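Chains, contacts and geometry: an overview
The lines below spell out each chain.
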Amino acid sequence: MDHKNYKPSLMRAGPSEQLGLTLTSAEAQTSRDDMDKDNEDTPQKQQTEEIGLTGDEHMKQTGQRRKRKPGETILQVAAGKKRGNHKPRWNVYPNVHFNVTQGEQNSRKKFPSNRIMTTKYNPFNFLPKLLFEQFRKVTNVRGREVSWTLNQMQIFFLAVVIVTFVPAVSPVSPYTSFIPLAFIIAVSALREAYEDVNRYKADYKGNFRNYQVLQSGGMKKSVPSKDLQVGDILYLEKNNVLPADVLLLKTSLPHSLCYVETAQLDGESNLKQQRAIKETDAMNEEDLSQLRGTIECEEPHPLFYTFHARLKLGEKSFALDSKQLLLRGVTIRNTAWTYGVIVYGGSDSKLSLNQRNPPSKFSSMDRQMNKIVGGIFAFMFACCATLAVLAGIFRADGDRWYLRDQYGPAVTGITTFFTYIYLLSYLIPQSLFVTLEITKVFQARFMEWDKEMRTDPDDPETGMLAKTSNLNDELALVKYIFSDKTGTLTQNKMIFDRCSVGGVVYTNMMRGSLKNTMRDPNTSAEQFDYVSDFVRALSLCHAVIAEEDEKGEINYQAQSPDESALVQGAQFSGFIFKGASSGSMTTNELGLDRQYEVLANMEFTSERARSSVIIRGEDKSIVLYSKGSDAQMLKRIGERKTKLQSEVYTSSIRHLDEFSNLGLRTLIVARRILSEEVYQRWNAKYHEANTSLNHRHEAVDKVCELIETDLEIIGCTAIEDKLQEGVPDTIEYLLQCGMKVWVITGDKQQTAINIGYATKLLVKEQPQVIINIDKNAAKPGESIQKMVRQAVETHSASGIPIAVIIDGETIHHALKECRDDFVQLTNLASAAICCRVTPLQKAEVVKTIKEAKKQVCLSIGDGANDVSMIQEADIGIGIFGKEGTQAARASDYAIQQFSHLKRLLSVHGRYSYLRNLACIHQNFYKNIAFGFIQFYFAFWSGYSGQSLFDDWLLSGYNIIFTSLPPLLSAIFIKDVKEEIIYQNPKLYEDLKTGNYFNWKTVGLWTISALYHSWVIYMVTWLLFRNEPVMSGGRTGDVYLMGQLVTALVILVVLLKISLSIVYWNTILMGSIYLSYFLFVIGDIIINLFPSWPITYWEAFTIVQVPSFWFGMLLGTAMCLLPDWSFACIRKNYFPDNWMILRERQQLLDLGQLGPDLETF
């Protein structure tokens, strides 16, 4: 054919001219009825040209509140009652006036200040508010489990401090209990002050950033952000950050365009296009300064991309939507200047309404520890009650008249109870929570400092981000992993690899294969028409922004990498998208510049899974182009009216399956020729839906579906998204660690299966259970239940792990009608693939498995559609992806690529678990070993409440003498090297058995502590029962006995902790020596002052007694010899896996074992 005289036409020759379904009056009436039904429950029925947010204009004007009617569902959703956590400030949002005179009316309506205030404290309320926060009784409830918190423990110790101020009850000076509590509060106060100062600095920077406010007469006044008010007209320049939610009035660019970057809102760095309405953009600066207008807005809500309002200028009114709203936090880009009026300020801005605390998550170790702490509390109260009863009985004995009991046995028992509440309070590890908090922060920093967790080892900015440290140990207990595919397992670098057009497959799309086809004179007219229309659809049906650089080259920015790849493919095929303006798009088609009028642009959403555009060409023909997923597009394909159309349809479906088998991402491209009459009828409904304030998005979607029917397939695209480096090895390792991996994606089933094989999630030897809904079944739920039960019966007996493959529609019915059967099936699976799944279904799947299995679930993703899944899981992992950082922001831990998950779980997670475990065990042990000596001493002291220890030594035991070893153990210890963990994935699986931390392990440490305290007390009691006589004739007393007990118990505790450390370094060894050295120095200092006569010179006296040194040696040997023997027996006869591997590595390092031995 002759291509020189080619003129692009949107109308195909031949029978296709007759295509297009006319909207009948019945259909139009049905659509109107549906929209009327949506608006039935609104406060006041109005015509489309009237505002519909309130039924009382006077209340709008004055900003009064009114009771919300139950039918205002859309407002409830928008205001956050059904989404989000904020409480709406307004029942009816007042009208916003902008001009100097009417602006005064805005101030009377009590709009919130624009001042940013994220600080918790100020210099006047810091101390009282801090103390209130520290002692406020907060109970964390997770399911039915109630957790003891640090606050509750501090309440208990505050009560203990109060007890020490009662002379009749307190056995010690008040400072003894006050100093440890004050120390813990001081540590918390320093942390709170540091965080609050950082918040204040950030607030100050934002509050005092100056902005230009347009005044009457065109003058501009510089105003700090904190003083801006609703109704102010701002003059904003390029790179300015928006201080409030601003309605765009005028821009420097043609066609009212303004480009913004929303990275602070949603993490997306690509530019987005906003547009002012034509009526205000046509005004000059002086006109704007004198402009009198009113904006009628919906009440503030946290939905970023939803905004319904009406601008009233005199008698005229104009509908506004989110395209005219610049949100607080966005940055002006590629636009020299803009004007806009503030509509939402301060706490009413959408950014402020979205700033809420992330969901609280607690690790399994924390929950188990809380139960154990509760058990120790109960044990302590039982001991106190026992001693109180014995004290009453002891005092009731008439033979002990010398005790001169003035109050009687009952009162004595009560006072004794409170006395021993203090003395035995040392059984409670007061410093444990603070120690754990510090160690978890260090562990999180180790993750961020790890060079192997970076894409560039020398650049810290390419590393991971630990947004929480509470779940460090939970990383070692993961059983289920739920992963997104695109951008998580793949690189999200989309390459337009091939396509099918007119029933013909074309490859090498980025080398101009379609362009060559159109230039080939042997190409038939029909195929030329298909190819040219296919490429034209790719160049026009999108939301890509074209930017021309200094060299005149066009660069594309898009929210979706797929769209960018397709537009670039069109560019290489000779159809260059040059830019879009208000109501038009400009392209260059095979060297000829073309401009198309955009009649309607139906954008892509995850619910629609397609995007469409209606354009009018230079020949006045009207065509709808649409592209989207096959699940949505195929049901909108019309009847094939020619043989060619049938052949193209059949070939396209076949090629679609072939592309999916190759693991490529596919989209269907279709068109529909519209007559002027059909378009005008539809456009009237479209305009009506677009100007509605109530249920606007729902109404627009319904109207769009009316025109997106009777489509004709032009072809389909296939985009390659390569796997990230290391993904197959990572998934294989995770499966070997005993985890169950689920890939949840929106791709076609065959594409997802092929990705499963490529990632080693699926293996050919593994039985596969594919469950798809029978669309012809009368009761699909029962059909699915039958298939699931049959699969369970078939595979439950074999014991071989299976792979489950299921699509989104089937999941919907499975979770709704046969949830238990579905969970039972997944019990048999080590891998699962869920395809064609929506974002909400992702979260629903995670929630179902988490609640049913009660095991640790981890979700990982990179996009905004993964946020709900990430937040639903016990642990959320975000990947810094090309689709923005929404997933990373919503996550608990953010990593650069999927392969880093292997190290995060197996190395950092495992080490954190073992370190925290050591810290908990050691703290429980040292407190019980020290505190229970007072219980034994009570029987020797006649239940008098006499303390065996010096007051100052009591204060220093937890915070000075024994605090460093548990702290440093939880930071530095390792059981095996990292290489051994990688070689032996079973080490990770061992932690999930629950044998490392449970009532049994804590019980063994408790028995050891009770035994040690008994040995220490008995050795000391036997040495002092006959009151040894010292030089000068002085005999032993309780204070000398206390000196021996204190010296011995601290030594035994430090040595016991040393025996439990399997990884030694200089820091850990030094902490042991330093701790005992601090005790010796502290004891000497305490005994030097005559002002403390009780302990004066006691330490110097006791060391002169030979029995002191004998007792130290005997007590240490009797305490630790059984522990050492038990450890040797366990290591040699009942070793754990890590012990075997550690010894094997030591022998290898010494050259005493051949490296060819089989790996454990």
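Residues numbered from 1 in each chain as written. Predicted model: local features only at pLDDT ≥ 70, side-chain atom pairs only at ≥ 80, totals over all residues. Heavy atoms only, no water.

**A closer look at the overall build of the protein**
Worth spelling out the cut-off: Only DSSP runs of H or I covering at least 4 residues are called helices, and only runs of E covering at least 2 are called strands; the numbering of each starts at the N terminus. Whether a residue is buried, partly exposed or exposed follows from its accessible area with a 1.4 Å probe, protein chains only, as a fraction of its type maximum: under 20%, in between, or over 50%, in that order. Residue contacts follow a heavy-atom distance rule, with two residues in contact if any of their heavy atoms lie within 4.5 Å. Reported accessibility uses the Shrake-Rupley method at a 1.4 Å probe radius. Residues are deemed covered only where the shown protein chains occlude them.
What the protein contains, in helices and strands, is 41 helices and 35 strands. Looking at the protein as a whole, 55% of its 1160 residues qualify as buried. Contacts in the protein between residues far apart in sequence, at least 24 positions, make up 73% of those at least 6 positions apart. Surface accessibility of the protein: about 51,100 Å² in total, with carbon and sulfur atoms responsible for 55%.

**Considerations on the packing of aromatic side chains**
Each aromatic ring pair is described using two quantities: the centre-to-centre distance and the angle formed by the ring planes. Our working rule: Aromatic rings from Phe, Tyr and Trp, taking only the six-membered ring of Trp, are treated as a pair when their centres fall within 6.5 Å; an angle between ring planes under 30 degrees marks them as stacked, one over 60 as edge-to-face, and anything in between as tilted. Geometrically, a charge over a ring is one whose NZ (Lys) or CZ (Arg) sits within 6 Å of the ring centre while staying within 35 degrees of the ring normal.
Going through the model one piece at a time under the given rule, you end up with 34 aromatic pairs. Relative to Tyr-204, the ring of Tyr-200 lies with its centre 6.2 Å away and its plane at 40°, an arrangement referred to as tilted. Here the residue Tyr-200 and the residue Tyr-204 both occupy positions in helix H7 (residues 175-207), the gap between them amounting to four residues, near one helical turn. On the accessibility criterion, Tyr-204 (43% relative accessible area) is partly exposed. Their ring planes at 90° and their centres at 6.1 Å tell us that Phe-307 and Tyr-344 sit as a pair that is edge-to-face. Of this pair, Phe-307 sits in the loop between strand E10 (293-297) and strand E11 (309-313) while Tyr-344 sits in strand E15 (residues 337-344), and the two are 37 residues apart along the sequence. With a relative accessible area of 1%, Tyr-344 lands in the buried category. Aromatic rings pair up to connect Phe-379, Phe-394, Phe-932, Phe-935, Tyr-936, Phe-937, Phe-939, Trp-940, Tyr-943 and Tyr-1017 into one cluster. The ring centre of Tyr-733 lies 4.7 Å from the NZ or CZ of Lys-902, which sits over that ring. Residue placement shows Lys-1056 over the ring face of Trp-1005; its charged tip is 4.9 Å from the ring centre.

**What about the pattern of salt bridges?**
For the record, the criterion: The term salt bridge refers to a side-chain nitrogen of Lys or Arg lying within 4 Å of a carboxyl oxygen of Asp or Glu.
Counted according to the given criterion, the structure contains 41 salt bridges. Across the salt bridge formed by Asp-227 and Lys-226, the nearest N and O atoms sit 3.2 Å from each other. The partner of Asp-866 in a salt bridge is Lys-842, with the nearest N and O atoms 2.7 Å apart. Pair noted here: Asp-866 is in the loop between strand E33 (856-861) and helix H28 (867-872) and Lys-842 is in helix H27 (residues 839-853), with a separation of 24 residues, a long-range link. Each member of the pair, Asp-866 as well as Lys-842, carries the same accessibility label: buried. Three or more residues are tied together by salt bridges with common partners; here these are Asp-529, Asp-533, Arg-536, Glu-589, Arg-671 and Glu-712.

**Quick look at the pairing of strand E25 (residues 610-616)**
Convention followed: DSSP-based pairing: two strands are paired if at least 2 bridges between them are found.
Within E25, seven of the seven residues are buried, leaving the element largely enclosed by the surrounding structure. Neither face of E25 is left uncovered, since the one carrying Arg-610, Ser-612, Ile-614 and Arg-616 and the one carrying Ser-611, Val-613 and Ile-615 both have all their residues buried. Here strand E24 (residues 592-602) pairs with E25 via five bridges, running antiparallel. Each residue of the ladder has a partner; that of Ala-600, found in E25, is Ile-614. Sheet analysis places E25 next to strand E26 (residues 622-628), joined by seven bridges and oriented antiparallel. Pairing of Ile-614 across the sheet is with Leu-624, part of E26. The antiparallel hairpin formed by E25 and E26 contains five residues in its connecting segment, where Lys-620 sits at a positive phi of about 70°.

**Describing unusual backbone geometry**
One non-glycine residue, Asn-508, adopts positive backbone phi at about 55°. The topology assignment puts Asn-508 in the loop between strand E19 (504-507) and helix H15 (513-519). Assessed through its relative accessible area of 45%, Asn-508 is described here as partly exposed. One non-glycine residue with positive phi stands out, namely Asp-710, at about 55°.

**What about the pairing of E26?**
For E26, a buried count of seven out of seven residues is recorded, marking the element as mostly surrounded by other parts of the structure. Burial along E26 is two-sided: the face carrying Ile-622, Leu-624, Ser-626 and Gly-628 and the face carrying Val-623, Tyr-625 and Lys-627 are both buried. Taken together, the seven bridges between E26 and strand E27 (residues 665-674) define a ladder with antiparallel strand orientation. Counterpart to Ser-626 in the pairing with E27 is Ala-670.

**A look at the nonpolar core**
Basically, it comes down to this: Buried Ala, Val, Leu, Ile, Met, Phe, Trp, Tyr and Cys residues form a nonpolar core when they are joined through side-chain atoms within 4.5 Å.
Counting 144 residues, the largest nonpolar core has Tyr-893, Leu-901, Leu-904, Leu-905 and Tyr-913 as the members making the most contacts within it. If one sorts the elements of this core by residue count, helix H30 (residues 900-931) sits on top with 16 residues. Ranked by size, the runner-up nonpolar core spans 69 residues in total, among them Met-518, Phe-528, Ala-537 and Leu-540.

**Section: the sheet that holds strand E12 (residues 316-320)**
Note the threshold: Inter-axis angles, ranging from 0 to 180 degrees, are taken between N-to-C directions of lines fitted to C-alpha atoms, where helices are fitted over the stretch in contact.
Pairing is antiparallel across the open sheet formed by four strands, whose spatial order is E1-E10-E11-E12. The two strands at the open ends of the sheet, each matched to only one other strand, are strand E1 (96-98) and E12. Adjacent strand axes in the sheet meet at a mean angle of 20° when their direction is disregarded. Two elements, E11 and E12, share five bridges in a ladder whose sense is antiparallel. Bridge pairing in E12 links Leu-311 to Phe-318.

**Looking at the confidence of the model for the protein**
Under the convention used in this document: How sure the predictor is of each residue is captured by pLDDT, a score from 0 to 100.
Averaged over all residues, the pLDDT of the protein equals 81, while 84% of them reach at least 70. Within the protein, strand E17 (residues 478-483) carries the highest mean pLDDT (95), whereas helix H3 (residues 73-78) carries the lowest (32). Segment residues 137-148 is flagged for pLDDT under 50; beyond a separation of four residues in sequence, or across chains, it makes 24 contacts in the model.

**Points about a nonpolar patch on the surface**
Inclusion rule: Only residues whose relative accessible area exceeds 30% and that take part in no salt bridge are eligible for patches, with like-charged residues grouped when within 9 Å of each other and nonpolar side chains (Val, Leu, Ile, Met, Phe, Trp, Tyr) grouped when within 5 Å.
On the surface, Ile-960, Leu-1074, Phe-1077, Leu-1078, Val-1080, Ile-1081, Ile-1084, Ile-1085, Leu-1088, Phe-1089 and Trp-1097 cluster together to form a nonpolar patch covering roughly 890 Å² of accessible area. The leading source of residues in the nonpolar patch is helix H38 (residues 1066-1086), at seven residues. Here Ile-1085 is to be found in helix H38. Assessed through its relative accessible area of 43%, Ile-1085 is described here as partly exposed.

**Examining helix H17 (residues 561-572)**
Spelled out, the test is: In this scheme, a helix's expected span is set at 1.5 Å multiplied by one less than its residue total.
In this model H17 runs 16 Å from its N-terminal to its C-terminal C-alpha over twelve residues, within 8% of the 16 Å that 1.5 Å per residue would give. Of all twelve residues in H17, nine are buried, a share of seventy percent or more. Within H17 the residues assigned to the buried category are Pro-561, Asp-562, Glu-563, Ser-564, Ala-565, Leu-566, Val-567, Gly-569 and Ala-570. Where H17 ends, the next residue or the one after it, Gly-574, has phi of about 100°, a positive value.

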